[in-house]
Number of protein chains: 2
Amino acid sequence: MRLTTKGRYAVTAMLDLALYGDRGPISLADISSRQDISLSYLEQLFAKLRRRELVRSIRGPGGGYRLSRPGEEIFVAEIIDAVDERVDATGCSGQSDCQDGHTCLTHHLWSDLSEQIHHFLSDISLASLVQRRDVQAVSARQRLRGESEQTIVLTAID
Amino acid sequence: MRLTTKGRYAVTAMLDLALYGDRGPISLADISSRQDISLSYLEQLFAKLRRRELVRSIRGPGGGYRLSRPGEEIFVAEIIDAVDERVDATGCSGQSDCQDGHTCLTHHLWSDLSEQIHHFLSDISLASLVQRRDVQAVSARQRLRGESEQTIVLTAID
DNA sequence: ATTTACCCGATTAATTTAGTCGGGTATGTC
DNA sequence: GACATACCCGACTAAATTAATCGGGTAAAT
């Protein structure tokens, strides 16, 4: 089953767009510093997100990324699928050839589980995440941290 | 999230015990050949299963492993927990310190997902798997294969 | 005694993930 | 049009984890 930092980073970054992207494009550098994700790694992930048309890019100064659809219409499952290839608990990627060409003893169990997970994540939209209490709280903390960092920079310049 | 071959192997091996173990202990060598899992690897997994008291071992010739409880009372989630440590989709093992000491933006989402998966797998007993059509079918094929292998061996000896 | 099969730790090989690097290209601003 | 920004892209490296091997034990049955 694939569900690692890669998928978590992707969802986090997309949620960052949903939270802060309403006033124009967000640069990966912004996401990188807010969410503590390596910039180059983000570039790799966003290449995949762009191919799946989950985000739109705007080049040049002031550019960045925007969600290609409203947050109501983007679901967590799509994001993970885009970067992780698939959410799949079987060992044979659903091919049923897990035991030298045949179905292994537990194939259907993992297949059922995968479906279960996919269904769960297909129901969660970015917009619904934005609404959540816990997301709001973390976002508020991140905004604070961002401001204090700016202060530090300004003080250092002064 | 941890759900790899390790956990799949463990569940498959335990299901093998549930399927064939009613007439006495099953050796790891038997499981190894039936399910195509490396013997030494099985030994590692069964060390963990034994520690969690999911199986009982019988040493010496004719020995092997038995389920320590009836299949009705052993659940897939326990097996995976035993070998994989935990089924957990969060990056911080539920510690909520995913972003330098604080909760990351998507922590609760992964936490919810983990609970969902765990709940799903906690409901599936070995006994219920044994009953399943698809498991019966695969098991029948494995038995056939086993017999033909024996024939080959006997022919070779002859 | 000898064979079977569990027991255990250490080590290695393979795979995957995470991250880096170095170069490009479009675009807005002065 | 020079310059800075920020996307774009492929190749490479490092780290972590998983899967598997190896070598030597020990309990028990025949």
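Residues numbered from 1 in each chain as written. Chains lettered and ligands numbered in written order. Predicted model: local features only at pLDDT ≥ 70, side-chain atom pairs only at ≥ 80, totals over all residues. Heavy atoms only, no water.

**Q** I'd like a rundown of the overall build of chain A, residues and numbers included.
**A** In terms of helices and strands, chain A carries seven helices and two strands. Secondary structure elements of chain A occur, N-terminal to C-terminal, as α-α-α-β-β-α-α-α-α. For chain A, contacts bridging at least 24 residues in sequence account for 64% of all contacts bridging at least 6. When the accessible area of chain A is evaluated, it comes to approximately 8,300 Å², of which 47% is carbon and sulfur surface. (Helix = DSSP H or I, 4+ residues; strand = E, 2+ residues; numbered from the N terminus. Contact = heavy atoms within 4.5 Å. Areas by Shrake-Rupley, 256 points an atom, 1.4 Å probe, with all protein chains shown as cover.)

**Q** Give a detailed account of the relation of the copies chain A and chain B, specifying residues and quantitative values.
**A** Once chain A has been moved 0.0 Å along the axis and rotated by 180°, it coincides with chain B to within an RMSD of 0.0 Å. Both copies are brought into coincidence by an operation consistent with a two-fold rotation axis. Among all C-alpha atoms of chain A, that of Ile 117 of chain A lies closest to the rotation axis, at 3.5 Å. In this assembly, 100% of the residues forming the interface of chain A have copies in chain B that are likewise at the interface, indicating an isologous arrangement. (Least-squares fit on C-alpha atoms with pLDDT ≥ 70 in both.)

**Q** Could you give me a rundown of the interface of chain A and chain B, with the residues and numbers involved?
**A** In this complex, chain A contributes 43 residues to the contact, which on the side of chain B involves 43 residues. For the pair chain A and chain B, the two sides together bury roughly 3,600 Å², of which 64% comes from carbon and sulfur. Here chain A is connected to chain B by two salt bridges. We note a salt bridge from Asp 112 of chain A to Arg 132 of chain B, for which the minimum N-O separation is 3.3 Å. Scanning the region where chain A abuts chain B turns up six residue pairs in polar contact (both at pLDDT 80 or more). Every element with two or more residues in the side of chain A that touches chain B is listed here: helix H1 (5-20), helix H2 (28-35), helix H4 (76-84), helix H5 (107-122) and helix H7 (133-157) of chain A. Element by element, the count of residues in the side of chain A that touches chain B is highest for H5 of chain A, at nine residues. (Buried area = accessible area lost by both parts, 1.4 Å probe. Salt bridge = Lys/Arg side-chain N within 4 Å of Asp/Glu carboxyl O. Polar contact = N/O pair within 3.5 Å; in protein donor to acceptor, adjacent residues only side chain to side chain.)

**Q** Lay out the packing of H1 of chain A against helix H3 (residues 39-51) of chain A in plain terms, naming residues and giving numbers.
**A** For any two helices packed against each other, one specifies the crossing angle of their axes together with the interaxial distance. Residues and elements named next belong to chain A. Contact geometry of H1 with H3 gives a least axis separation of 10 Å together with a crossing angle of 80°. For the element pair H1 / H3, the angle class is roughly perpendicular. Where H1 abuts H3, its residues Lys 6, Tyr 9, Ala 10, Ala 13, Met 14 and Leu 17 lie against Tyr 41, Leu 42, Leu 45, Phe 46, Lys 48 and Leu 49. Looking at the contact of H1 with H3 residue by residue, the class counts come to ten nonpolar, no polar and two charged. (Axes fitted to C-alpha atoms, helices over the stretch in contact; angles between N-to-C directions. Parallel < 35°, antiparallel > 145°, perpendicular 65-115°, else oblique. Nonpolar A, V, L, I, M, F, W, Y, C, P; charged D, E, K, R; others polar.)

**Q** Which residues make up the protein's contact with DNA strand D, and what values do they have?
**A** The environment of DNA strand D is made up of 25 residues, and the closest members are Ser 57 and Tyr 65 of chain A together with Thr 5, Ser 40 and Arg 59 of chain B. Taken together, the sugar and phosphate atoms account for 62% of what DNA strand D places within 4 Å of the protein. In this structure, Leu 28 of chain A approaches DNA strand D through a main-chain N or O atom, which is 3.0 Å from a phosphate oxygen. At 3.3 Å from a phosphate oxygen of DNA strand D is found a side-chain nitrogen or oxygen belonging to Tyr 9 of chain B. Every element with two or more residues in the surface near DNA strand D is listed here: H3, strand E1 (55-58) and strand E2 (64-67) of chain A together with helix H1 (5-20) and helix H3 (39-51) of chain B. Its residues assigned to classes, the surface near DNA strand D shows eight nonpolar, eleven polar and six charged. (Near = heavy atom within 4 Å.)

**Q** Describe the protein's contact with DNA strand C, with residues and values.
**A** Near DNA strand C there are 26 residues, and of these Thr 5, Arg 59 and Pro 61 of chain A together with Ser 57 and Tyr 65 of chain B occur at the shortest range. Atoms of DNA strand C within 4 Å of the protein belong to the sugar or the phosphate in 61% of instances, the rest to bases. For DNA strand C, a phosphate oxygen lies 3.0 Å from a polar atom in the backbone of Lys 6 of chain A. Contacts to DNA strand C include Ser 38 of chain A, whose side-chain N or O atom sits 3.3 Å from a phosphate oxygen. Taken together, the elements giving at least two residues each to the surface near DNA strand C come down to H1 and H3 of chain A together with H3, strand E1 (55-58) and strand E2 (64-67) of chain B. Broken down by class, the residue content of the surface near DNA strand C amounts to eight nonpolar, twelve polar and six charged.

**Q** Summarise the pairing of E1 of chain A; cite the residues concerned and give the values.
**A** Both faces of the sheet carry side chains from a regular strand, because those side chains alternate between them. Residues and elements named next belong to chain A. The pairing of E1 with E2 spans four bridges and is classified as antiparallel. Across the sheet, Val 55 pairs through a bridge with Leu 67, a residue of E2. Hairpin connection of E1 to E2: five residues between the antiparallel strands, including Gly 60 at a positive phi of 80°. (Pairing = 2+ DSSP bridges.)

**Q** Describe the packing of H4 of chain A against H5 of chain A, naming the residues involved and giving the relevant values.
**A** Residues and elements named next belong to chain A. Direction vectors running N to C along H4 and H5 enclose 120°, while the axes themselves pass 6 Å from each other. One finds that H4 runs oblique with respect to H5. Contacts between H4 and H5 pair Val 76, Ala 77, Ile 80 and Asp 81 from the former with His 118, Leu 121 and Ser 122 from the latter. Grouping the constituent residues of the contact of H4 with H5 by class yields four nonpolar, two polar and one charged.

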